[in-house]
Amino acid sequence: MAMASPPHTPLAAAAISITCSSSKSYDDAAAATSSYWSLSSGSAPPSSQGARRRRPPPYRRLLHDEAQRLRRERRSQGAGAETPRWVRRTDAQMARYIEDDRAGHIHGRLVVAAARAVRATASRPPGSVRVAMASFVSKLTFREMCVVLSQQRGPRQAQEFFAWMKLQLCYEPSVVAYTILLRLYGQVGKIKLAEETFLEMLEVGVEPDAVACGTLLCTYARRGQHTDMMLFYAAVRRRGVVPPVSAFNFMVSSLQKDKLHGKVIYLWNQMRETNVVPNQFTYTIVIGSYVKESLLEEAMNVWRKMKRSRFVPEEATYSGLISLSARHGRGEQALGLYEEMRAHGIVPSNYTCASLLSLYYKTEDYSKALSLFAEMEQSRIVPDEVIYGILVRIYGKVGLYEDAQCTFEEIDRADLLSDEQTYVAMAQVHMNAGNYDRALQVLDSMRLRNVEPSLFSYSAVLRCHVAKEDIAAAEDAFRALSKCGIPDVFCCNDLLRLYVKLGQLEKASALILKLRKEVQLDEGLCMTVMEVCCKSGMIVDADKILKEMQKNRVAMKNSAMVSLIEMYARNTTSVVQEEDNSSKTLDCRTDSSSLSTTLKLLLDTPGGSSAACQLIRKFAREGNTEEAKFLHEQLNELGVKPEDSATATLIVQYGQLQKLQQAEELFKASASFPVGGPVYNAMVDALCKCGKTAEAYNLFMEMADRGHSRDAVTISILVSHLTKHGKFQEAENIINGCFHGKVQLDTVVYNTFIKSMLESGKLYSAVSIHDRMISSGIPQSLQTFNIMISVYGQGGKLDKATEMFTAAQELGLRIDEKTYTNMLSFYGKAGRHQDASVLFTRMKEEGIMPGKISFNSMVNVYATSGLHDKAKFIFEEMQSSGQIPESLTYLALIKAYTEGRSYSKAEEAIQMMLTSNITLSCPHFNHLIFAFLKEGKIDEARRICNEMEDLGVAPDLACCRTMMRVYLEYGCCSEGISLFKTTCGSLKPDSFILSAAFHLFEHSGREFEAGDVLDAISLHGASFLRNLKVGSKLGEIE
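Since this is a predicted model, take the numbers as computed values, not measurements.

**A word on the overall build of the protein chain**
Now for step 1: Assigned secondary structure in the protein chain consists of 55 helices and two strands.
Now for step 2: Across the 1038 residues of the protein chain, 46% fall into the buried class.
Now for step 3: A fraction of 64% describes how many contacts in the protein chain between residues 6 or more apart in sequence connect residues 24 or more apart.
Now for step 4: When the accessible surface of the protein chain is totalled, it reaches about 52600 Å², and 51% of it is carbon and sulfur.

Written out as C-alpha cells, the structure is:
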C-alpha cells in the first residue's frame, strides 16, 4: 500500500534515501548517521537554523537505531561478520517499509503469516493448502509467493502451494520459482519430483538458467546418482549453460567420495575450458583426485595455480602431495612442501609424518628422521602404530636390532599392536639379522592374537623357511599362500631357487608346470624358470615359455636376455659334446633355434651387440671356449661382426690353453671382416704362449706394415719371448721399430727393452734405452732401477749401480728384498763384503726380513772373500730366523769353507745336507775337488769323487774336465782312461776330454783305442788339441 510523503521531506518525488541491507535481510543497517544530508541524494544541506526548526521524519531515527544495533553485533562477531550492502530507496518506499512493520524482520507480516499457514497444513490431509490460503488470495505479489515457497520444508506443502501459486493472477512462469522448488526437492531427496519439475519448466517454455541446472546437478550429486548427473551435465553443456562453481564443487566432491577420480579430473578440465573460477574447496578436491591417481606433475600444477590464487592449502592437501612426491622419488620436493606447510603454521598429521619417515627410511637419511621425531614431540603429535612400524624398520636397517625389539615391545605395551604390517616389519628385522627362528616366532604370535594373515605375512614366512632351506616348511607356507590368493612372482622365484639349490629339479619342474597356468611370469621368474628348464633338460618347455613371453609382450632387459643366451649356449655345447643320444641332438637344434631367436631380440635393442660380445669375453675368461666359440659363430651367421675385443679375448684364451690350431682358425675366420689391431695383438700373444716365436715375430711385422696399432702389452710379451729363446736380433728390430714408429710405450715396455739388451749382453744399448726413457718423461718403477743395477753391475760399474740404488730411494720408492739382494750379489762379486754387510744391516733396519735369497747372497759374499766364519754366522742366523737352508745355501757355505781351506768343515756341510735330506749335486763336491786338485792332492780329490759316485751323484762336465786335466798333467793314464770310459756315454762330447783321452791312450800304447777316439772327434766335429802333454807336472806331486 502506498503512503503519501511526509510534509517535512523536501523534493519528495526525486529525493533518494539510502539504507543498508545484508545478504539475509533488506533492512539490516550498516553505519548510517542521523544527519539529514548524509542520507539524502547529495543536495546541499539547509542552514543550521532551518535544520533546527525542522524535525526529521520518525523513520530516520529508527534507521539510526538499527544501524547502531548492527554495528554492535558486528563487533561481537569479529572478522567473520558479514559486510552489509547499501540499498537505495525512495521516500515512498521507505514510508511503505515503515508502514509494513518489517523493521528487524526479514519479511513483512503478510508473508510471515502466509508461510506459517502453509506449514501448518503438514498435519492435515492433502489439499489443505488451498483452504489455508483462501484469505491470502490477491494479497501476495509474485515475489512474496516465491518467498513463502522458499520457507517450506515439506515436499507436499511446497508442491500444493506451488499449485496454488499457479492459480493466482499475478503468477507468471519464472525460473526463480522452479529453482526454489528444485532445491527443496533435492534437499529431501525427491529426485523423481525434481526431474518432473524440471521437465514441467521446459514444457511451459521457461529456459533454465545456470542456477536451476546447477540445483538439479547438486541434487544428483547429493544422492550419489553419478550416471544421471553426468548425463544431465552433458545435456546442460549442449544447451550452452555453464553451471556455477558451487555446482561443480558438489559434483566433484560426490565423485571423489565414490573414488571416481577420473571423472573429477574430467570436470576440472571442463571448468578450465569454460573459465569457471575455482575456489579453495575446488582446488582441494581436484588435487586430492590427482594424488589418488598418482599424477604428480598434474597435481603440482593445480597446487601452483591454487597458490597463485592466494589460497592456503589445507593439511590434507599438503599431506597427499608429500606422500605422492615421496613415492615418485622426489625427496627434495617432498621436503620443500613440508617446510612450506610448517611455514604456514600447519601442524602435520600422523599420515604426513609417516610419509616423511618412509622417505627418510628409503634415502637412509636418519638424522632428518630424528629431527622429525623431535618436531612431533614439540607439536604433541602422538605416534600411531604406522609410525612405530617405520621406526622399527629404521632401527633394523641401521643394525640396531635390540632397539627395534624394544620399540616393538613398546607398541605392544601401548596396546597399539594390531596391524599385520607391524609384525612383518619386526620379522623382517630379525631376517636381516639372520635370526629366522625369532622372525617365525613373531609371525606365530601374530596368528595367536587372531590377526588375520594375508599374502604379505605368508610371503615373510616363506622367505624364512627358504633361508633355512627347510623344503617341507617352505612348501607348507607356499600352499597356505596359494589359499589366500595367487602367489606373487617373488615367492615363486624364492621357492624355485630353493629347489634348484638343493637339486630338487623334479619338484622345480612340477612347480613350473603349475605356475604357467596360474602366474604371469615376469623377467626375474622367467629367468629362474629358464635356468630350471636348462638344468633339467626341459629345453622344449623353455622354448614354449619364451614364445609365451613374446606373445604376452613381457619385456626383457638386456641383462635378462644375456643370461638366457648364456644358459642356451651352455646347454647347447654340453649336448654337442654328448653325441650319444639322438633326442638330445634334437633338443640341441631346438635350443640353437631359441638361442638364435633370443640373440636376434638382443641385437635389436640398443647396446645388444656389445652385450653379446661381453658374454663372449665372459665365456673366454672363464675358460669356456666352446661356448664362446659357439656364440661367436652365431653372431657371424646373423651377419654381425663381433667386436675385436671379444675375438681377441677368445684367441688369447686359446693361446693360454695351448690350442693354437683353434686360435689360427678363429683368426682366419675373422678375416672375412676388417680385422683390427686387437685381433692381431691377441694372435701374436697366442703364438708366443705356444712357443711359435718366429711366427709371432712375422705376424707382428705384418701388423706393423698394415698400419695397425701395436699394443704395448703385446710388444712386451713378444720381446720377452724372443729374448727368452735367444732371438736377440729380432727383439732389437722390434725395439728399433717401436722407436722409429713413435709407438706409445709405457714403463713396462721400457723395462722389457732394457732387460732384453741386458740378456743379449748389449749393456751400452740398455743404458741408451734407459736414457731415452728418462728423456721421454716415462716414470721409472722399482723394476727399472733393479734392471739398471744389474746392467751396471754386470758391466763392472758398481758405483753407477750404487747411484741407481740411491736414486730409487730418493724417489720415495719402497725398496724391496729383490733390489737389496741384487746389490748384495754385485758387492759380493766385487769382493766388497763390508759394503755388503752394511747394506744387509740397513735392509733389516728398514723392516725387511731377509729371505732365503738374501741369506744365500750374503753367504756367497763372504764365501767369495774367504770369510768362512762370517759365512757360518749368516748360515746360523738364517736358521734362527726360521728359514730352512736349501741346496744353494749349502753350496755357498761349502764354497766359503773351501776358499778358507777348511776342507773338513766343507765335508761336514755335505754330511749336514745328507742328514737334512737335501739332494746333493755335483757342484757341491766340485768346490772340494777343485781345491784339492789345486793343491795337488789327487788322492783326496779321487776320494771325494768316489764318495760322490757312492752317493749316486754323476760328475758333470766341469768336474770331468778338471779331473781329466789333472790325470793328463800328472801322467795318471789308467785313472784317466777309466774316467773317460765311465763318463763318455753320459756327457756331451767335449774337445778337451776327447783330446786328453787320445793322448792318454796313445801314451799307454793303445793305438787302436786312440784311433777310435780320433774318429769320434771327427764324427762330432770337435777340435783336436795336439799341444796336450802327458805328465807335464809329474815333478809337482807331493
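**Looking at the packing of aromatic side chains**
Now for step 1: A full pass over the atoms with the stated rule returns 18 aromatic pairs.
Now for step 2: Summarising the aromatic geometry, the rings of Phe198 and Phe232 are spaced 5.2 Å apart at their centres and angled 85° between planes, so their arrangement reads as edge-to-face. Pair noted here: Phe198 is in helix H9 (residues 191-203) and Phe232 is in helix H11 (residues 226-238), with a separation of 34 residues, a long-range link. Across the pair, Phe232 and Phe198 agree in class, each one buried.
Now for step 3: Every member of this aromatic cluster is reached through a ring pair, and the members are Phe142, Phe162, Tyr171 and Tyr178.
Now for step 4: In this structure, Arg772 packs its charged tip against the face of Phe739, placed 4.1 Å from the ring centre.

**Observations concerning the nonpolar core**
Now for step 1: By size, the foremost hydrophobic cluster in this structure holds 144 residues, and its most contacted members are Ile651, Ile715, Ile734, Leu745, Phe753, Ile929 and Met964.
Now for step 2: Apart from the residues lying within four places of it in its own chain, the contact partners of Met964 are Gly976, Leu979, Phe980, Phe992, Ile993, Ala996, Ala997 and Leu1000.
Now for step 3: If you look at the next biggest cluster of nonpolar residues, it comprises 92 residues, including Ala115, Met133, Phe198 and Val236.

**Focus on the packing of helix H18 (residues 350-363) against helix H20 (residues 385-397)**
Now for step 1: In contact at an axis separation of 9 Å, H18 and H20 are set at 15° when each is read in the N-to-C sense. As far as their axial angle goes, H20 and H18 are roughly parallel. The way H18 lies across H20 gives a crossing that is left-handed. Residues Asn350, Cys353, Ala354, Leu357, Ser358, Tyr361 and Lys362 of H18 form the contact with H20, whose participating residues are Val386, Ile387, Ile390, Arg393, Ile394 and Lys397.
Now for step 2: Here the residues of the contact of H18 with H20 sort into eight nonpolar, two polar and three charged.

**Considering the packing of helix H21 (residues 401-413) against helix H22 (residues 420-432)**
Now for step 1: Axis separation between H21 and H22 bottoms out at 10 Å; the angle between their running directions is 160°. One element, H21, and the other, H22, form an angle in the roughly antiparallel class. The way H21 lies across H22 gives a crossing that is left-handed. For the pair formed by H21 and H22, the contact residues are Tyr401, Ala404, Gln405, Phe408 and Ile411 on the first element and Thr422, Tyr423, Met426, Val429, His430 and Asn432 on the second.
Now for step 2: Residue composition of the contact of H21 with H22, by class: seven nonpolar, four polar and no charged.

**Comments concerning H18**
Now for step 1: With 14 residues, H18 should reach 20 Å at 1.5 Å per residue; the first-to-last C-alpha distance of 20 Å fits that figure.
Now for step 2: Regarding H18, the residues found buried are Thr352, Cys353, Ala354, Ser355, Leu356, Leu357, Leu359 and Tyr360.
Now for step 3: Those residues of H18 that are buried lie in contact with helix H16 (315-327), helix H17 (331-343), helix H19 (366-378) and H20.
Now for step 4: Glu364, located one to two residues past H18, shows a positive phi value of around 60°.

**Here's the deal with the side chain of Gln168**
Now for step 1: Of note, Gln168 is situated in the loop between helix H7 (155-165) and helix H8 (175-188).
Now for step 2: Overall, the relative accessible area of 12% leaves Gln168 in the buried class.
Now for step 3: One polar contact links the side chain of Gln168 to the main-chain carbonyl oxygen of Trp164, over a distance of 3.1 Å.
Now for step 4: When near neighbours in sequence (up to four residues on either side) are disregarded, Gln168 contacts Val137, Ser138 and Met145.

**With respect to the environment of Tyr423**
Now for step 1: Positionally, Tyr423 belongs in helix H22.
Now for step 2: Distance from Tyr423 to Val392, taken between C-alpha atoms, is 10.0 Å for residues 31 residues apart in sequence.
Now for step 3: Contacts of Tyr423, omitting those with residues within four sequence positions, involve Phe408, Leu417, Val442, Ser445, Met446, Arg449 and Val451.

**Here's the deal with unusual backbone geometry**
Now for step 1: One non-glycine residue, Ser138, lies in the positive phi region at around 60°.
Now for step 2: Along the chain, Ser138 falls in the loop between helix H5 (128-132) and helix H6 (142-150).
Now for step 3: By relative accessible area, which is 68% here, Ser138 ends up exposed.
Now for step 4: Despite not being glycine, Asn275 has its phi angle at roughly 60°, a positive value.
Now for step 5: Given a relative accessible area of 64%, Asn275 falls into the exposed group.

**Digging into a positive patch on the surface**
Now for step 1: Residues Arg116, Arg119, Arg153 and Arg183 make up a contiguous surface patch of positive charge.
Now for step 2: Looking at the element boundaries, Arg119 is found in helix H4 (residues 109-119).
Now for step 3: Looking at Arg119, the relative accessible area reads 37%, which means it is partly exposed.

Reading the values: rules and limits
Residues numbered from 1 in each chain as written. Predicted model: local features only at pLDDT ≥ 70, side-chain atom pairs only at ≥ 80, totals over all residues. Heavy atoms only, no water. Helix = DSSP H or I, 4+ residues; strand = E, 2+ residues; numbered from the N terminus. Buried < 20%, exposed > 50% of the residue type's maximum accessible area, 1.4 Å probe, protein only. Contact = heavy atoms within 4.5 Å. Areas by Shrake-Rupley, 256 points an atom, 1.4 Å probe, with all protein chains shown as cover. Phe/Tyr/Trp six-rings, centres within 6.5 Å; stacked < 30°, edge-to-face > 60°. Lys NZ or Arg CZ within 6 Å of the ring centre and 35° of its normal. Core = buried A, V, L, I, M, F, W, Y, C linked by side-chain atoms within 4.5 Å. Axes fitted to C-alpha atoms, helices over the stretch in contact; angles between N-to-C directions. Parallel < 35°, antiparallel > 145°, perpendicular 65-115°, else oblique. Left-handed = near helix turned anticlockwise from the far one by under 90°. Nonpolar A, V, L, I, M, F, W, Y, C, P; charged D, E, K, R; others polar. Expected span 1.5 Å × (residues − 1). Polar contact = N/O pair within 3.5 Å; in protein donor to acceptor, adjacent residues only side chain to side chain. Patch = residues over 30% accessible without salt bridge, like charges linked within 9 Å, V, L, I, M, F, W, Y side chains within 5 Å. Salt bridge = Lys/Arg side-chain N within 4 Å of Asp/Glu carboxyl O. Lys, Arg positive; Asp, Glu negative; His and termini not counted. Charge placed at Lys NZ, Arg CZ, Asp CG, Glu CD.

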